[in-house]
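Commentary on secondary and tertiary structure
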Amino acid sequence: MPTRLDKLAAEIRACRICVEHPQGKPLPHEPRPVLRVSRMARICLAGQAPGTKVHASGMPFTDASGDRLRDWMGVTSEEFYDTSKIAIVPMGFCFPGQDAKGGDLPPRRECAPHWRARLFAEMPQVELTLLIGQYAQGWHLGEAAKGSLTETVAAWRGYLPRAIPLPHPSWRNNGWIRKNPWFETEVLPMLRMEIRRLIGKSG
């Protein structure tokens, strides 16, 4: 029998709010909401929004960014896509389109206010949320977020045990990672330890 979470996830996957009731210009293509949720996962990935590959496949992080994120977390693809272990809830569920330079637009503004609180209310078992990028950090941390992504990620200890802020694993952030070596030497070991502990509790 479907749970309330199942029903809510089905509503989200059928959502057309950014086309039928948009804030600003409507989504320029057919919506395809992407999320992966369960009542067992103790880890949640809060990312930005699907890109072109994810819009085509319907599977999140099926690209080089996903490979790097799985390396950061110290998980296999099987663990990453096991919804009994890891939920994936982006700030915007649909690919938002691209700007004039070919970069992805920000997450649609309609998604988070309409769905996010309701969705997390149905997943009380989540113990750790990985906040990937400024949009997720701003929503989940509120006033506790710092003035920049670098400052927020540098303050990661203050958000434990409920959250760990991360930069986006895109190649575009290679320079940021080089400039902030503490991320790989301090943040990632703790991240992997927490992930392994919680995966052992999940399922």
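This text follows the structure it describes.
Residues numbered from 1 in each chain as written. Predicted model: local features only at pLDDT ≥ 70, side-chain atom pairs only at ≥ 80, totals over all residues. Heavy atoms only, no water.

1. Description of the overall build of the chain
Broken down by element type, the chain carries 10 helices and 4 strands. What you see in the chain, going N to C, is helices and strands ordered as α-α-β-α-α-α-β-α-β-α-α-β-α-α. A compact globule built from 203 residues would reach a C-alpha radius of gyration of about 17 Å, and the chain, at 16 Å, matches this within 12%. In terms of overall dimensions, the chain has C-alpha extents of about 45 × 45 × 35 Å along its principal axes. (Helix = DSSP H or I, 4+ residues; strand = E, 2+ residues; numbered from the N terminus. Rg over C-alpha atoms; globule rule 2.2 N^0.38 Å.)

2. Here we look at the side chain of glutamate 110
Among the secondary structure elements, glutamate 110 is positioned in the loop between strand E2 (86-88) and helix H6 (111-121). Here glutamine 23 takes part through its backbone nitrogen, which lies 2.7 Å from a polar atom of the side chain of glutamate 110. Setting aside residues up to four positions removed in sequence, glutamate 110 forms contacts with Ile17, Cys18, His21, Pro22 and Gln23. (Polar contact = N/O pair within 3.5 Å; in protein donor to acceptor, adjacent residues only side chain to side chain. Contact = heavy atoms within 4.5 Å.)

3. Remarks on the sheet that holds strand E3 (residues 128-132)
Reading across from one edge, E2-E1-E3-E4 is the order of the 4 strands in this open sheet, with parallel pairing throughout. Two strands bound the open sheet, and with one partner strand each, they are E2 and strand E4 (163-166). Averaged over all adjacent pairs, the angle separating strand axes in this sheet is 20°, with direction ignored. The sheet contact formed by strand E1 (residues 43-46) and E2 spans 3 bridges and is parallel. When the bridges of E2 are listed, leucine 45 appears paired with isoleucine 88. (Pairing = 2+ DSSP bridges. Axes fitted to C-alpha atoms, helices over the stretch in contact; angles between N-to-C directions.)

4. Brief notes about H6
Turning to H6, its buried residues are Cys111, Ala112, Trp115, Arg116, Leu119 and Phe120. Down the axis of H6, the buried set is contained in an arc of 115°. They therefore lie on one face. The exposed residues of H6 that point more than 90 degrees off its buried face are Pro113, Ala117 and Ala121. Looking at the buried residues of H6, the elements they touch are helix H1 (4-13), E1, E3 and helix H7 (134-141). (Buried < 20%, exposed > 50% of the residue type's maximum accessible area, 1.4 Å probe, protein only. Arc of directions from axis to C-beta.)

5. Remarks on the pattern of salt bridges
Across all of its chains, the model carries 11 salt bridges by this definition. One salt bridge connects aspartate 67 with arginine 70, and the closest N-O pair in it is separated by 3.0 Å. With aspartate 67 and arginine 70 both in helix H4 (residues 64-73), this residue pair falls 3 residues apart, about one helical turn. Residue classification places aspartate 67 among the partly exposed positions, given a relative accessible area of 49%. Look at arginine 70 and you get buried, because its relative accessible area is 7%. A salt bridge links glutamate 194 to arginine 197; the shortest N-O distance between them is 2.9 Å. With glutamate 194 and arginine 197 both in helix H10 (residues 182-201), this residue pair falls 3 residues apart, about one helical turn. Residue classification places glutamate 194 among the buried residues on the basis of a relative accessible area of 10%. (Salt bridge = Lys/Arg side-chain N within 4 Å of Asp/Glu carboxyl O.)

6. Some thoughts on the nonpolar core
Counting 29 residues, the largest nonpolar core has Leu45 and Met73 as the members making the most contacts within it. Where this core is concerned, the elements lending two or more residues are E1, H4, E2, E3, helix H8 (149-154), E4, helix H9 (174-179) and H10. Ranked by the residues each element gives to this core, the list is headed by H10, at 8 residues. Not counting chain neighbours up to four residues away, the residues in contact with leucine 45 comprise Phe61, Leu69, Met73, Phe80, Ile86, Ala87, Ile88, Val89, Pro90, Leu130 and Ile132. (Core = buried A, V, L, I, M, F, W, Y, C linked by side-chain atoms within 4.5 Å.)

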